[in-house]
Amino acid sequence: MSQGTVAAWVGLNQTQLSRIENGPPTQDLAKLIQWARVLRVPARLLWFKLPADAAAEPAPAATIQPAAPSPVGDAVNRRELLRVMSLAGSLLALPSSSDLDIDRLTAADRGGSVGTATLDEYGRLNGRLWHEFARSPSKLQALPMVRRQLDVLTGHLQRSQPASTHQRLCTLAGDLFQLCGEILFDADCYSEAAQCYALAASASKEADAPDLWACAMTRHAFIGVYERRFDQAAPLLDGAADLARRGDTALPTRHWVAAVQAQTFAGLGDAVQCQRALETAALVTELDSPAATGWLRFTDSRLDEERGSCFVELGRPELAEPSLNEALRQRLSVRRRGGVLADLAAVGAQRNDAEQTVLYGGAAVDAARQTGSTGYVGRKLSLLQPQLKPMLADRHVRHLDRQITNLTTTAN
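Residues numbered from 1 in each chain as written. Predicted model: local features only at pLDDT ≥ 70, side-chain atom pairs only at ≥ 80, totals over all residues. Heavy atoms only, no water.

*Asks:* Would you take a moment to explain the environment of His156 for this structure?
*Replies:* Relative to the assigned elements, His156 resides in helix H7 (residues 143–157). Along the primary structure His156 and His166 are separated by ten residues, whereas in three dimensions their C-alpha atoms are 8.7 Å apart. (Helix = DSSP H or I, 4+ residues; strand = E, 2+ residues; numbered from the N terminus.)

*Asks:* How should I be thinking about helix H16 (residues 334–350) in this particular structure?
*Replies:* Every α-helix carries 3.6 residues per turn, so stepping three or four residues along brings you back to the same face. For H16, which comprises 17 residues, the first-to-last C-alpha distance of 24 Å matches the rise-based estimate of 24 Å (1.5 Å per residue) to within 8%. The buried count for H16 comes to 16 of 17 residues, which makes it a mostly enclosed element. The positive-phi residue at the C-terminal boundary of H16 is Asn352, with phi of around 60°. (Expected span 1.5 Å × (residues − 1). Buried < 20%, exposed > 50% of the residue type's maximum accessible area, 1.4 Å probe, protein only.)

*Asks:* Which parts of the structure should I look at to understand the confidence of the model for the protein chain?
*Replies:* It should be kept in mind that the predicted coordinates are not to be read in detail where pLDDT is low. Of the residues in the protein chain, 80% have a pLDDT of 70 or more, and the chain-wide mean is 82. Every residue in residues 53–73 is under pLDDT 50, and counting partners more than four places away or in other chains gives 43 contacts. When the criterion is pLDDT under 50, residues 93–110 qualifies, and its contacts beyond four places in sequence or with other chains add up to 20 contacts. (pLDDT = per-residue confidence, 0-100. Contact = heavy atoms within 4.5 Å.)

*Asks:* For this particular structure, what's the right way to read the nonpolar core?
*Replies:* Across soluble globular proteins, nonpolar side chains have a tendency to be buried as a group. Within the largest apolar cluster, 105 residues are counted, with the highest numbers of intra-cluster contacts made by Val146, Leu179, Ile183, Phe185, Leu381 and Leu384. Apart from residues no more than four positions distant in its own chain, Leu381 is found in contact with Ala342, Gly361, Ala364, Val365, Ala368, Ile404 and Leu407. Of all hydrophobic cores here, the second largest spans nine residues; its members include Leu12, Leu32, Ala36 and Leu50. (Core = buried A, V, L, I, M, F, W, Y, C linked by side-chain atoms within 4.5 Å.)

*Asks:* Help me understand the packing of aromatic side chains, please; the structure alone is not making it clear to me.
*Replies:* Aromatic ring pairs are described here by two measures, namely the spacing of the ring centres and the angle between the planes. Evaluated as defined, the whole model comprises six aromatic pairs. A ring pair is formed by Phe185 and Phe222, whose centres lie 5.9 Å apart and whose planes are at 55°; its orientation type is tilted. You can see Phe185 sitting in helix H8 (residues 163–186) and its partner Phe222 sitting in helix H10 (residues 210–226), a full 37 residues away along the chain. Of the residues examined, Phe185 reaches a relative accessible area of 2% and is grouped as buried. (Phe/Tyr/Trp six-rings, centres within 6.5 Å; stacked < 30°, edge-to-face > 60°.)

*Asks:* Looking at this structure, how should I read unusual backbone geometry?
*Replies:* A negative phi holds for most residues other than glycine; trans holds for most peptide bonds. Backbone geometry at Asp188 places phi at a positive 70°, although glycine is not the residue there. Considering the arrangement of structural elements, one finds Asp188 in the loop between H8 and helix H9 (190–207). Positioned with a positive phi, Arg228 is a non-glycine residue whose angle comes to about 60°.

*Asks:* Is there a simple way to think about the packing of H10 against helix H11 (residues 230–246) in this case?
*Replies:* The description of two packed helices rests on the angle between their axes and on the distance between the axes. Contact geometry of H10 with H11 gives a least axis separation of 8 Å together with a crossing angle of 165°. One element, H10, and the other, H11, form an angle in the roughly antiparallel class. Of the two elements, H10 crosses H11, and the hand of that crossing is left-handed. In this structure, H10 uses Pro210, Trp213, Ala214, Met217, Thr218, His220, Ala221, Gly224 and Val225 to contact H11, whose residues at the interface are Phe230, Ala233, Leu236, Leu237, Gly239, Ala240, Leu243, Ala244 and Arg246. (Axes fitted to C-alpha atoms, helices over the stretch in contact; angles between N-to-C directions. Parallel < 35°, antiparallel > 145°, perpendicular 65-115°, else oblique. Left-handed = near helix turned anticlockwise from the far one by under 90°.)

*Asks:* Where do I start with the pattern of salt bridges in this structure?
*Replies:* Opposite charge on two side chains lets them pair, provided their charged atoms get close. The tally for this structure, following the rule as stated, stands at 18 salt bridges. Arg379 is paired through a salt bridge with Asp188; the nearest N and O atoms lie 3.0 Å apart. Within this pair, whereas Arg379 is found in helix H18 (residues 377–388), its partner Asp188 is found in the loop between H8 and H9, the two being separated by 191 residues in sequence. A salt bridge links Arg228 to Glu313, with the shortest nitrogen-to-oxygen separation between them at 2.7 Å. Residue Arg228 is found in the loop between H10 and H11, and its partner Glu313 is found in helix H14 (residues 303–313); the two are separated by 85 residues along the sequence. For Arg228, a relative accessible area of 38% gives the class partly exposed. (Salt bridge = Lys/Arg side-chain N within 4 Å of Asp/Glu carboxyl O.)

*Asks:* Whenever I open this one, the side chain of Gln356 confuses me. Can you help?
*Replies:* Secondary-structure assignment places Gln356 in helix H17 (residues 354–371). When its relative accessible area of 10% is taken as the criterion, Gln356 is described as buried. A polar contact of 3.4 Å, which involves the side chain of Gln356, links it to the side chain of Glu321. Sequence-distant contacts of Gln356, that is, excluding residues within four places in its chain, are made with Glu321, Leu344, Ala345, Val347, Gly348, Arg351 and Gly361. (Polar contact = N/O pair within 3.5 Å; in protein donor to acceptor, adjacent residues only side chain to side chain.)

*Asks:* How should I be thinking about the packing of H16 against H18 in this particular structure?
*Replies:* One way to put it is that H16 packs onto H18 with a least axis distance of 9 Å and a crossing angle of 10°. By the criterion of interaxial angle, the relationship of H16 to H18 is roughly parallel. Along the contact surface, H16 presents Arg335, Gly338, Gly339, Ala342, Asp343, Ala345, Ala346, Ala349 and Gln350, while H18 presents Val377, Lys380, Leu381, Leu384 and Gln387. Each residue belonging to the contact of H16 with H18 can be placed in one class, and the counts come to seven nonpolar, four polar and three charged. (Nonpolar A, V, L, I, M, F, W, Y, C, P; charged D, E, K, R; others polar.)

As structure tokens, this is what we get:
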């Protein structure tokens, strides 16, 4: 079997698998158990015992440091980002026809009006930054580049521009503020992420870009979903759905809004509305082509993840497990795979199945460590912890509980 094939099975890329094969023996028992299960290695060939047979406490997993520092710890980047956000918020609050002398009020000199070729180049750069975000194991690696690009765009907004140029700059800023919010959300900096999404919505409104605006509101609502404030997320999503109906029917905006609405209805315990929203989300399969933008990446490949997550929230493990297993068969990023693994661990907890809970929960912890995704995978694991209490007599469950605590405590 090729390294690429095996790597895809265990949630790695080919380079990571090559390093493991050529490096020192791995001592992380959670990893070894996961790989043995996925590769179906016979128990007689293993030097360790699988959870069902093990009698001893598993050895603590090796600590894997995130690939990039926390934005809270990176004082310079964080301070500069907040400065740009504050300035952008003030500029977007000005009416486009304002008679104020922006040149006099601001000290920056950005060279006057921006040409079409420059705007096009900024658009291509935004696309590359989204691509870098998607491919980076640690999402924080993209933050310094995103902040610098935001600084450039905000500098141009400081000067008087033709109406069409101003609108295009607002579109680019709305795009990039959403990316900035995604990075901060993944790092569990929800307050800063919410500010980014609010600015993205303001910029999108100024640009008269309903799809971009709807996506900014949906991302803002997603924070409420993960903080379990479903009643606060619902009105934002209603507004996003209204905007999506005004948008481009070739884009999957309305389907993504429906998918997040399904999670909100699941959190509110409304199974009927949840199912209706999932059916709307599934209509994405009728589109001719997937989304071609960085800020809108919803395709039919996400449907199994969404269904599984909703059924976990509704306490329906028998419906969640088939969808989640189907999601694992797809090519997923380590971050997305970690979210699916955390949901499968929750399925095990709902069934009081300690073996499944430990197997998938340990693998999800490892994914969160690899990516530094404490705001996404880490939050899912935090929601799993209360469900572990009935099984804490099991040593392996206690070990998983400590792993999750260490992960979330280190992040905070």
